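Understanding the architecture of this molecule
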Amino acid sequence: MNYVKRYAPKILDGNETTDALYGVMGDEIAKLHETMQKIIDNLFILTMDVKGVAKQEQFFNIKPNAFQTLEERKMILLNKILYRPPFTRQNLQQLLENIWGKGKFIFELYPDDYRMIIDIDTNNPTIYLQFSQQVRDVVPANIYLILSIQYTHLYLGRNYTYEKMESLTYGELSQYANLDEA
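Structural notes, computed from the coordinates.

Cut-offs used in this document
Residues numbered from 1 in each chain as written. Predicted model: local features only at pLDDT ≥ 70, side-chain atom pairs only at ≥ 80, totals over all residues. Heavy atoms only, no water. Helix = DSSP H or I, 4+ residues; strand = E, 2+ residues; numbered from the N terminus. Core = buried A, V, L, I, M, F, W, Y, C linked by side-chain atoms within 4.5 Å. Buried < 20%, exposed > 50% of the residue type's maximum accessible area, 1.4 Å probe, protein only. Contact = heavy atoms within 4.5 Å. Pairing = 2+ DSSP bridges. Axes fitted to C-alpha atoms, helices over the stretch in contact; angles between N-to-C directions. Parallel < 35°, antiparallel > 145°, perpendicular 65-115°, else oblique. Left-handed = near helix turned anticlockwise from the far one by under 90°. Nonpolar A, V, L, I, M, F, W, Y, C, P; charged D, E, K, R; others polar.

It is worth spelling out the environment of phenylalanine 105 at this point. Mapped onto the fold, phenylalanine 105 is located in strand β1 (residues 105–110). Here the alpha-carbon distance between phenylalanine 105 and isoleucine 118, two residues 13 residues apart in the chain, equals 7.0 Å.

In structure tokens, the structure reads:
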């Protein structure tokens, strides 16, 4: 049954003119509903479309990279909104959980040594680079920050398989290790 027809008086039922009018009005109301839904979706970053993300990027003065996907651009916007100093350890921990998910990172703070280690489990370098730049912006200058990707450790670890290294001598092994450090 047509949306508009539900609210019309019963006396108008069966009239061709009013039925045609109800049909047109129903189509217009459906279009209006779709437009309103798009506006509502563009109020929230996770449901934004390309136009909504572009408007927010313009608002925050973010220059999008042509190679970034819509999801990456949304993550950059979320990061921009969430990075508002002052930061405490709990704030940064919560932020890491919101962005990467629980258990997808290692966060260690050594205040006596002025050192912070953030090790992230990801294979998306674009979001990692954006995240690392924003962390560097909020971490105090006297803290030595170590950011790393767990993925790179796994990738590099694959190069050191037993089969590849079993025939090497001690000297060759030390040269092999020194080449990777350089």
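Bringing the nonpolar core into the picture now. Core analysis: the largest hydrophobic core is formed by 20 residues, its most contacted members being Leu96, Trp100, Met116, Ile118 and Phe131. Secondary structure elements with two or more residues in this core: α4 (89–100), β1, β2 (115–120), α5 (125–138) and β3 (144–149). Considering each element in turn, this core owes the most residues, five residues, to α4. Ignoring any residue separated from it by four or fewer positions in sequence, one finds tryptophan 100 in contact with Phe105, Ile120, Thr122, Ile127, Tyr128 and Phe131.

Next up on the list: the sheet that holds β3. With mixed pairing, the three strands of this open sheet are ordered in space as β1-β2-β3. The outermost strands of the open sheet, each flanked by one partner alone, are β1 and β3. Between one strand axis and the next, the sheet turns through 5° on average, direction left out of account. Pairing geometry for β2 and β3, over six bridges, is parallel. The residue of β3 that forms the bridge with isoleucine 118 is leucine 147.

Here helix α3 (residues 70–82) crosses α5 at 15°, and the two axes come no closer than 10 Å. Here α3 lies roughly parallel to α5, going by the angle between them. The interaxial crossing formed by α3 with α5 has right-handed handedness. Residues Glu72, Met75, Ile76, Asn79 and Lys80 of α3 form the contact with α5, whose participating residues are Thr126, Ile127, Gln130, Phe131 and Gln134.

All right, on to the pairing of β1 then. Across six bridges, β1 lies against β2 in antiparallel orientation. Across the sheet, the residue bridging to glutamate 108 is isoleucine 117, located in β2. Counted between consecutive antiparallel strands, the loop separating β1 from β2 contains four residues, among which tyrosine 114 sits at a positive phi close to 55°.

For asparagine 61, which is not glycine, the phi torsion reads 60° and is therefore positive. Relative accessible area serves as the criterion here: at 59%, asparagine 61 is assigned to the exposed category. We note that tyrosine 114 has phi near 55°; this positive angle belongs to a residue other than glycine.

Contact pair α4 / α5: the axes reach a minimum separation of 13 Å and the direction vectors enclose 165°. Between α4 and α5, the angle is such that the two are roughly antiparallel. Between α4 and α5 lies a crossing of right-handed hand. Note on element contacts: α5 touches α4 through Ile127, Tyr128 and Phe131, opposite Leu96, Ile99 and Trp100. Counted by class, the contact of α4 with α5 contains six nonpolar, no polar and no charged residues.

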